[in-house]
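Secondary and tertiary structure notes
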Amino acid sequence: MTLLSAAPAADTAAATTGGGGYSMYLILILAVAAFWFMSRKSRKQQRAQQEFRSTLQPGDEVMTASGMIGVVVDVDDDTITLESAPGSRTRWVRAAIAKKVEAPVADDQPSDEDGTEDDEPADQLDDEPIDVPDDLSSLPPTRGDDDTDRK
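Residues numbered from 1 in each chain as written. Predicted model: local features only at pLDDT ≥ 70, side-chain atom pairs only at ≥ 80, totals over all residues. Heavy atoms only, no water.

Bringing the overall build of the protein into the picture now. From N to C terminus, the protein includes 2 helices and 5 strands. The order of helices and strands in the protein, counted from the N terminus, is α-α-β-β-β-β-β. When each of the 151 residues of the protein is scored for burial, the buried share is 10%. Within the protein, residue pairs in contact and separated by at least 24 positions form 30% of the contacts whose partners lie at least 6 positions apart. Working note: accessible area of the protein is about 13200 Å², and carbon and sulfur atoms make up 56% of it. (Helix = DSSP H or I, 4+ residues; strand = E, 2+ residues; numbered from the N terminus. Buried < 20%, exposed > 50% of the residue type's maximum accessible area, 1.4 Å probe, protein only. Contact = heavy atoms within 4.5 Å. Areas by Shrake-Rupley, 256 points an atom, 1.4 Å probe, with all protein chains shown as cover.)

Shown next, in the form of structure tokens:
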């Protein structure tokens, strides 16, 4: 009797857990899809960096991954020669170049806060000479802590 009663119990157990196989496939598909979407963004960034590095030309101002800024002097197959100061040239692997540095835009003429522009530089506005003392003897005495009337 134990063999006959065990067989229907196994059938009912299999019938109640039968949907577990589909949920396992669903979780696996969701994990693969999430991994694909995350890697797609990084692949797009890598492709943009590779395209940027392949279009470097002499005269471009770039920054390396370590933060050194220089001007591209020579481009070989996998090496780029940068000049950081006049006469100071260093060779870098193409993959070490991080980004192109854009030159800051300089204003042609300085302007005040109210929108008017000065025609004269600030040092030429006052015609009176400034008297600068050579020592501290000509300066007024400093206030001491015991001066209660000046506090």
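Together, Tyr22, Tyr25, Leu28, Ile29 and Val32 give the surface a local cluster of nonpolar side chains, amounting to about 620 Å² of exposed area. Within the secondary structure layout, Ile29 lies in helix α2 (residues 20-54). (Patch = residues over 30% accessible without salt bridge, like charges linked within 9 Å, V, L, I, M, F, W, Y side chains within 5 Å. Salt bridge = Lys/Arg side-chain N within 4 Å of Asp/Glu carboxyl O.)

To continue, consider the side chain of Arg94. With respect to the secondary-structure elements, Arg94 resides in the loop between β4 (88-93) and β5 (97-100). Nearest to the buried, unbridged Arg94 among oppositely charged side chains is Asp78, at 4.8 Å. There is a polar contact of 3.0 Å between the side chain of Arg94 and the backbone oxygen of Asp76. Beyond its immediate sequence surroundings of up to four residues, Arg94 is in contact with Arg53, Ser54, Val75, Asp76, Asp77, Asp78 and Ile80. (Lys, Arg positive; Asp, Glu negative; His and termini not counted. Polar contact = N/O pair within 3.5 Å; in protein donor to acceptor, adjacent residues only side chain to side chain.)

Right, let's get into the nonpolar core. Counting residues in hydrophobic clusters, the biggest one holds 7 residues: Phe52, Leu56, Val62, Val72, Ile80, Leu82 and Ile97. Not counting the four nearest positions on each side in its chain, Leu56 is found in contact with Val62, Val75, Ile80 and Ile97. (Core = buried A, V, L, I, M, F, W, Y, C linked by side-chain atoms within 4.5 Å.)

Turning next to the packing of aromatic side chains. Under the counting rule described, the total for this entry stands at 1 aromatic pair. On the numbers, 5.0 Å between centres and 65 degrees between planes, the contact of Trp36 with Phe37 is edge-to-face. Under the relative-accessibility criterion, Trp36 is labelled partly exposed at 43%. (Phe/Tyr/Trp six-rings, centres within 6.5 Å; stacked < 30°, edge-to-face > 60°.)

This brings us to the sheet that holds strand β1 (residues 61-64). Taken in spatial order, the 5 strands line up as β4-β3-β2-β1-β5 in an open sheet, and their pairing is antiparallel. Two strands in the sheet have a free side with no partner beyond their single neighbour: β4 and β5. Neighbour-to-neighbour, the strand axes of this sheet turn through a mean angle of 45 degrees, independent of strand direction. Inspection of the sheet shows strand β2 (residues 69-75) paired to strand β3 (residues 79-85) by 4 bridges, in the antiparallel sense. If you follow Val71 over to β3, its bridge partner there is Glu83. (Pairing = 2+ DSSP bridges. Axes fitted to C-alpha atoms, helices over the stretch in contact; angles between N-to-C directions.)

The buried category is assigned to Arg94, whose relative accessible area is 15%. A sequence separation of 13 residues divides Arg94 from Thr81, and the C-alpha atoms of the two residues are 9.4 Å apart.

Let us look at the side chain of Thr81. With respect to the secondary-structure elements, Thr81 resides in strand β3. Residue classification places Thr81 among the buried positions, given a relative accessible area of 13%. Setting aside chain neighbours within four positions, we find Thr81 in contact with Val71, Val72, Val73, Asp74, Arg89, Thr90 and Arg91.

A word on the pattern of salt bridges. In this structure the tally under the stated criterion is 2 salt bridges. Across the salt bridge formed by Lys100 and Asp60, the nearest N and O atoms sit 3.7 Å from each other. Here Asp60 lies in the loop between α2 and β1 and Lys100 lies in strand β5, a separation of 40 residues in the sequence. The closest approach of N and O atoms between Arg89 and Glu83, which form a salt bridge, is 4.0 Å. Residue classification places Glu83 among the partly exposed positions, given a relative accessible area of 24%.

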